[in-house]
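Structural overview
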Amino acid sequence: MDKNLFFLNGRSALMAGLMLLQLQKDDEVLIPQFICDSVLYPFKDLKIKTNFYKVKKNLNPDWIDINKKFSKKTKAIMMIHYFGFPTEIKKFLKFKKKNKIYLIEDYCHGYTGKKNKIELGNIGDFSFSSLKKIFPDTISGGILKINNKKLSNINLIRNFKNYKNYKLFFEIFKKIKYIKSKIEKTKFFLSKNSRYASYQSNTSKNKKNYFYGDLESFKFLSKKNFVYEKKKRFLKYKKIEKLLKREKIYPLLDLKNNSLLPWYFVAKVKEDKRKHIFRKLSKIGLKVFSWPNFPKELEKNKLNMKLWNSIICVNLI
Ligand SMILES: Cc1ncc(COP(=O)(O)O)c(C=O)c1O
């Protein structure tokens, strides 16, 4: 069973995956509370109940909290490979098996990575990815990978809007977005911007751009040399690691070899030094970001804000 379906973005692929689960009114999905707003859109639009579980300082799930939150209503759990680094896969699989629930694998921060012999993106009952996040030379692309043959009734997603019918619109939209992103990047570079250093309250509206059939991403993927991409990112990772060591800044997630395709170099920082570090790294030409933009209901969560303030993301591309 190996089925890839192509969408406009990660949230569309998640939306389709959730439709295949055919959850009922009171069913619940456990999801990590350290999460960005766009992951929640499909749940909200499909009126699927979510229950948030805590995430530790090293971004691993808090299993005590997961067990506390689990109930008869829980029908699925979501794991995230944050920044493209494998989460506690074995524990999630054990939990899924023990409780006879679905495992949703969010692999939007990486692609084609491996841990030992396990291929990320092939573990959950379904997994979903977002090409546009990890490859800046594409503006769209979301992939749903169905790994459980019980979920193969794709008739259930027949009402999805088809990308084909909006192709011209998207061609124009993508061109504008591409130009805008280039301008943003240049501005960012010139101004040594540190506006990502402090959290900005979320004002974004639910972007309901769910589309099926973005074959551009398929064409794009078929041309990519992933071995080369992984090698390139590994070398950049090590270069940044060396550079930051001089500033006494260390990685939160260790990249040991070129088996992964990470999104960012993720470093630990002290909250009171955060702004200073942003300025300093921008000055030496590194693009530094923060992640994520929380959904409104999670912005007041103290644990989330503490975690948000303790990490910075350095561009690898
Ligand atoms: C962990 C994670 N999953 C899913 C998504 C959604 O991806 P997309 O923006 O392609 O819809 C995001 C977006 O930021 C994300 O960070």
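Summary of the structure given here. Just so you know, these numbers come straight off a predicted model, no measurement behind them.

Re the overall build of the chain
- Across its full length, the chain holds 10 helices and 12 strands.
- The C-alpha radius of gyration computed for the chain amounts to 19 Å, which stays within 12% of the reference 20 Å derived for 317 residues, consistent with globular compactness.
- Overall, the chain is about 50 × 50 × 40 Å in size when its C-alpha atoms are taken along their principal axes.
- Within the chain, buried positions represent 51% of all 317 residues.
- Put simply, 74% of the contacts in the chain that link residues at least 6 apart link residues at least 24 apart.
- Split by element, the accessible area of the chain, about 16,900 Å² in all, is 55% carbon and sulfur.

Regarding the pairing of strand β9 (residues 142-146)
- Most of β9 is tucked away, with five of its five residues classed as buried.
- Burial of β9 is two-sided: the residues Gly142, Leu144 and Ile146 facing one way and the residues Ile143 and Lys145 facing the other way are all buried.
- One ladder, built from five bridges, connects strand β1 (residues 3-7) with β9; its direction is antiparallel. Bridging across to β9, Phe6 finds its partner in Ile143.
- For strand β8 (residues 126-130) and β9, the ladder comprises five bridges, and the chain directions are antiparallel. Directly across from Ser130, in β9, lies its bridge partner Gly142.

Concerning unusual backbone geometry
- Going from Trp291 to Pro292, the amide bond is cis rather than trans, its omega being 0°.
- Within the fold, Pro292 resides in the loop between β11 (288-289) and α10 (302-310).
- A positive phi angle, near 50°, is found at Lys100, a position not held by glycine.
- Positive phi values are uncommon outside glycine, yet Lys248 reaches one of about 60°.
- Within the secondary structure, Lys248 is located in the loop between α8 (226-245) and β10 (264-268).

Some thoughts on the environment of Lys242
- For Lys242, the position within the fold is in helix α8.
- Residue Lys242 is classed as exposed on the basis of its relative accessible area of 59%.
- Residues Lys242 and Gly84, 158 residues apart in the sequence, show an inter-C-alpha distance of 20 Å.

A word on the sheet that holds β8
- The strand order across the open sheet built from seven strands is β1-β9-β8-β5-β4-β2-β3, with neighbouring strands paired in mixed fashion. Edge positions in the sheet fall to β1 and β3 (49-53), since each of these pairs with one other strand and no more. Across the sheet, the mean angle separating the axes of adjacent strands is 20° when strand polarity is ignored.

A closer look at the site of the ligand
- For the ligand, the set of nearby residues contains 14 residues, the closest of which are Gly10, Arg11, Asp106, His109 and Ser130.
- Here an oxygen atom of the ligand sits 2.9 Å away from a polar atom, N or O, in the side chain of Lys132.
- Taking 390 Å² as the accessible area of the ligand by itself, protein coverage stands at 96%.
- Elements with a minimum of two residues in the shell around the ligand: α1 (10-21), α2 (37-45), β8 and α5 (131-134).

Calculation criteria
- Residues numbered from 1 in each chain as written.
- Predicted model: local features only at pLDDT ≥ 70, side-chain atom pairs only at ≥ 80, totals over all residues.
- Heavy atoms only, no water.
- Helix = DSSP H or I, 4+ residues; strand = E, 2+ residues; numbered from the N terminus.
- Rg over C-alpha atoms; globule rule 2.2 N^0.38 Å.
- Buried < 20%, exposed > 50% of the residue type's maximum accessible area, 1.4 Å probe, protein only.
- Contact = heavy atoms within 4.5 Å.
- Areas by Shrake-Rupley, 256 points an atom, 1.4 Å probe, with all protein chains shown as cover.
- Pairing = 2+ DSSP bridges.
- Axes fitted to C-alpha atoms, helices over the stretch in contact; angles between N-to-C directions.
- Near = heavy atom within 4 Å.
- Polar contact = N/O pair within 3.5 Å; in protein donor to acceptor, adjacent residues only side chain to side chain.

What is shown is where atoms sit, not what they do.
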